[in-house]
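Inside the fold
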Amino acid sequence: MAVIEQEARTAHEVAHRESFWRRYVFSLDHKVIGIQYLVTSFVMALVGGLLAMLMRLELGWPGSSWPLLGRILPQGFPNGIMNQGFYLSLVTMHGTIMIFYVMSTALTGGFGNFLIPLQIGARDMAFPLLNMLSYWLFPVASAVLLAAFFVPGGAPISGWTAYAPLSATPLAGPGEGLGQTLWLVSLAILIVAFLFGSLNYITTVLQLRTRGMSMMRLPLSTWALFITAILSLLSFPVLLAAAIMLLFDRHAGTTFFLPAGAVIGGKTITAGGGDPLLWQHLFWFLGHPEVYILVLPAMGIVSEVISNNARKPVFGYPVMVLTISAIAFLSFLVWGHHMFVSGMHPMLGTAFMTTTLIIAVPSAIKTFNWLATLWGGKLRFTPAMLFAIGFVSLFVTGGLTGLLLGQPAFNMYVHDTYFVVAHFHFVMASAALFGMFAGLYHWFPKMFGRMLDERLGRWHFWLALPATFGTFFPMHFAGLAGMMRRIYSPQMYGYLSGLSGVNAFVSVSAFVMFVAHMLFVVNVVWSLAKGKRAEANPWQATSLEWTTSSPPPHGNWGERQPVVYRWAYDYSLPGSDRDFVPQTVPAEVAAPAAVQGGQ
């Protein structure tokens, strides 16, 4: 049977030989597009990471002279000292790149494209051409964004939230001219790419599941990507509309976000009547679901990795599906907690506080289920498992401070301080990043047919986890002490001078974290060249992608698509001769009579 399958696969491959450009550049294959998303996201991550290192250099040793950087970046480091406008542009571009151009694109674009058809037993996405267009809008958007560094005035300084009226007029300062316009155009292009991808994911999951793959047999990673696609489809158009309205304010004379009488850049805005708060409402209507657009795919990945490496079924699978859906729904009802200091009526603030605290319930249930899955398992501490456990620790740490920030009284005290920076870097940056690494270590063999080096992977984790805590945990104390989130130099205020040691420690930790993540790049390069060849199922996993070769052929399977007979988490099934049973094995083959019908 295996020989017949191999012959069929080879014949299928031969029938679909393509040119280099069609196969690797303008590919319609979901696997290649997924890898393209991941590679481009990592290039952007390198840029965003380097910007963060420059920021930490200034915050750790404010006002110091760096002659080498002065020669490389003379506009940003005149006489070797970073100027304030350049620092603010770093803040804006780092946040924008990491949230929209790295985490969103890698987790949904990368893993979504690669995994969904493989895990549901489809040969490709429902709309391959739309899929290719979705990817190619991503590098175009990235190029437009990065071009902002090279235009007169430089990159925008309005932060990744681009709050109006600062972002609504070129009068607001350097970077608010062409740089801000490029920022808006780039974001609009990227949102269109997200919408193309979301339509594709939803249609593919609903229409192309193979025989026997009911919705309640989907792996949790696909469930998370499916719900994330719905979330993106409903929330991103709001930000797209806001970006277009802001462009009209800047270039067409409208005043959606410009109030009359506002004095900006020393000049009074005469035409007006708009409201800057309208931008905040529109931005955060996407902005908070965006947190879960990043975290939900990571949660799905982590569920997969923990179950596989604990050799146990996921605890409470139906509840896990329900909590993913509940988190997505509730994420549309909490945006107002970002605006507690905007003059909001206290009654409305209380309503947003209530929904914010409620959303912690499904998140806590998921955490409990991960711990219950780990409990009593035959744990394998692979790099993927280590990063999955690291995800849980970071998510819980950030989630606890989220409960505090959800309360208006506390939120107003620490609003716009480093306490908030610490919170969201734990939840939507570090946790999502660790979830992404868990997925990369787990599915790298399936993507490239090579195993990553485990020793380098463990070095990567054991350097990255303490460095992450060392970077972001002290920021809570800096925030409580009143350190503002976008401040150029803490030495500008006497009451912050005592934080110089904390800031230096945070900066050193951040540099270690950057080096730790570079180990992953080294591991990838080395493993692609010298890594051990991967088997079809090196992790003894159960879901469909592990029933085909590594890497899968064009069309994912030979002549016949797989048929599904069971859910995706039959680990350590009582009476089975192996501790895993793939989804393609009929119940009567793998399970003894005593357990038949048990799942």
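The protein chain is annotated in an unreviewed UniProt entry as Cbb3-type cytochrome c oxidase subunit I of Carboxydichorda subterranea. Recorded in UniProt for the protein chain, the comment headed Sequence similarities (unreviewed entry) runs: "Belongs to the heme-copper respiratory oxidase family."

**Re the overall build of the protein chain**
The number of helices and strands found in the protein chain is 18 helices and two strands. Compactness check: the protein chain gives a C-alpha radius of gyration of 25 Å against a globular reference of 25 Å for 599 residues, within 12% of the reference. Seen along its three principal axes, the alpha-carbon backbone of the protein chain occupies a region of about 80 × 50 × 50 Å. By residue count, 59% of the 599 residues in the protein chain fall in the buried class. In the protein chain, once contacts between residues fewer than 6 apart in sequence are set aside, the share between residues at least 24 apart is 78%. As displayed, the protein chain offers around 23100 Å² of accessible surface, 71% of which is attributable to carbon and sulfur atoms.

**Focus: the environment of Phe387**
If you trace the backbone, Phe387 turns up in helix H13 (residues 383-405). On the accessibility criterion, Phe387 (0% relative accessible area) is buried. With 47 residues separating them along the chain, Phe387 and Phe434 place their C-alpha atoms 5.4 Å apart.

**Observations regarding the packing of helix H3 (residues 30-60) against helix H15 (residues 418-448)**
The packing of two helices is summarised by the inter-axis angle and the distance between the axes. Two elements in contact, H3 and H15, have axes separated by 13 Å at closest approach and are oriented at 145°. Classified by chirality, the crossing of H15 by H3 is left-handed. Between H3 and H15, the contacting residues are Ile35, Leu38, Phe42, Arg56 and Leu59 on the first element and Tyr418, Met436, Phe437, Leu440, Met447 and Phe448 on the second. Tallied by class, the residues present in the contact of H3 with H15 amount to ten nonpolar, no polar and one charged.

**As for the nonpolar core**
Grouped together as the largest cluster of nonpolar side chains are 183 residues, with contacts concentrated most on Phe100, Tyr101, Phe111, Trp279, Leu296, Trp370 and Phe391. The element contributing the most residues to this core is H15, with 21 residues. In this structure Phe111 touches Leu38, Ala106, Ile116, Leu225, Ile301, Met436, Gly439, Leu440, Trp443 and Met447, once residues within four positions along its chain are discounted.

**Here we look at a nonpolar patch on the surface**
There is a patch of nonpolar side chains on the surface, built from Phe20, Trp21, Tyr24 and Phe26 and spanning about 500 Å² of accessible area. In this structure, Phe26 sits in the loop between helix H2 (20-25) and H3.

**Section: helix H10 (residues 317-330)**
Under the 1.5 Å per step criterion, the end-to-end length of H10 is 20 Å for 14 residues, consistent within 8% with the ideal 20 Å. Regarding H10, the residues found buried are Tyr317, Met320, Val321, Thr323, Ile324, Ile327, Ala328 and Leu330. Contacts from the buried residues of H10 go to helix H8 (220-251), helix H9 (276-310), helix H11 (346-358) and helix H12 (360-374).

**Some details on the packing of aromatic side chains**
In total, this model carries 47 aromatic pairs according to the counting rule given. Between Tyr317 and Trp567, the aromatic rings sit 5.8 Å apart at their centres with planes inclined by 85°, giving edge-to-face as the arrangement. On the criterion of sequence distance, the pair formed by Tyr317 in helix H10 and Trp567 in the loop between helix H17 (500-530) and helix H18 (587-590) is long-range, its members being 250 residues apart. For the pair Tyr317 and Trp567, one class covers both residues: buried. When the ring centre of Phe580 is taken as reference, the NZ or CZ atom of Arg578 above it lies at 4.6 Å.

**A look at the packing of helix H5 (residues 84-120) against helix H6 (residues 128-147)**
The interhelical angle for the contact between H5 and H6, taken along N-to-C directions, is 165°, at an axis separation of 12 Å. By the angle between their axes, H5 is roughly antiparallel relative to H6. Note on packing geometry: the crossing formed by H5 with H6 is left-handed. Side by side, H5 and H6 meet where Met93, Thr96, Ile97, Tyr101, Thr105 and Asn113 of the first sit next to Asn131, Phe138, Ala141, Ser142, Leu145 and Leu146 of the second. Within the contact of H5 with H6, the residues separate by chemical class into seven nonpolar, five polar and no charged.

**As for unusual backbone geometry**
Following Ala164, the chain continues to Pro165 via a peptide bond in cis, the omega torsion being 5°. Within the fold, Pro165 resides in the loop between H6 and helix H7 (178-207). Residue Ser550 is joined to Pro551 through a cis peptide bond whose omega torsion reads -5°. Within the secondary structure, Pro551 is located in the loop between H17 and H18. Positive phi is not limited to glycine here, since Arg311 has a value of about 55°. Along the chain, Arg311 falls in the loop between H9 and H10. Despite not being glycine, Asp416 shows a phi value in the positive range, around 65°. Of note, Asp416 is situated in the loop between helix H14 (408-414) and H15. Take Asp416: its relative accessible area is 35%, and that puts it in the partly exposed class.

**With respect to the confidence of the model for the protein chain**
The share of residues in the protein chain with pLDDT of 70 or more is 95%, and the mean pLDDT across the chain is 92. Low pLDDT, under 50, characterises residues 1-8; the stretch is placed with four contacts to residues that sit more than four places away or in other chains. Predicted confidence for residues 592-599 stays below pLDDT 50, and this span has eight contacts to residues more than four positions away or in other chains.

**Some remarks on the side chain of Ser307**
Here Ser307 is to be found in helix H9. Excluding its chain neighbours within four sequence positions, the residues that come into contact with Ser307 are Lys312, Pro313, Val314, Thr373, Tyr569 and Tyr571.

Rules of the game
Residues numbered from 1 in each chain as written. Predicted model: local features only at pLDDT ≥ 70, side-chain atom pairs only at ≥ 80, totals over all residues. Heavy atoms only, no water. UniProt positions renumbered as here; feature names shortened; annotations may be inferred. Helix = DSSP H or I, 4+ residues; strand = E, 2+ residues; numbered from the N terminus. Rg over C-alpha atoms; globule rule 2.2 N^0.38 Å. Buried < 20%, exposed > 50% of the residue type's maximum accessible area, 1.4 Å probe, protein only. Contact = heavy atoms within 4.5 Å. Areas by Shrake-Rupley, 256 points an atom, 1.4 Å probe, with all protein chains shown as cover. Axes fitted to C-alpha atoms, helices over the stretch in contact; angles between N-to-C directions. Left-handed = near helix turned anticlockwise from the far one by under 90°. Nonpolar A, V, L, I, M, F, W, Y, C, P; charged D, E, K, R; others polar. Core = buried A, V, L, I, M, F, W, Y, C linked by side-chain atoms within 4.5 Å. Patch = residues over 30% accessible without salt bridge, like charges linked within 9 Å, V, L, I, M, F, W, Y side chains within 5 Å. Salt bridge = Lys/Arg side-chain N within 4 Å of Asp/Glu carboxyl O. Expected span 1.5 Å × (residues − 1). Phe/Tyr/Trp six-rings, centres within 6.5 Å; stacked < 30°, edge-to-face > 60°. Lys NZ or Arg CZ within 6 Å of the ring centre and 35° of its normal. Parallel < 35°, antiparallel > 145°, perpendicular 65-115°, else oblique. pLDDT = per-residue confidence, 0-100.

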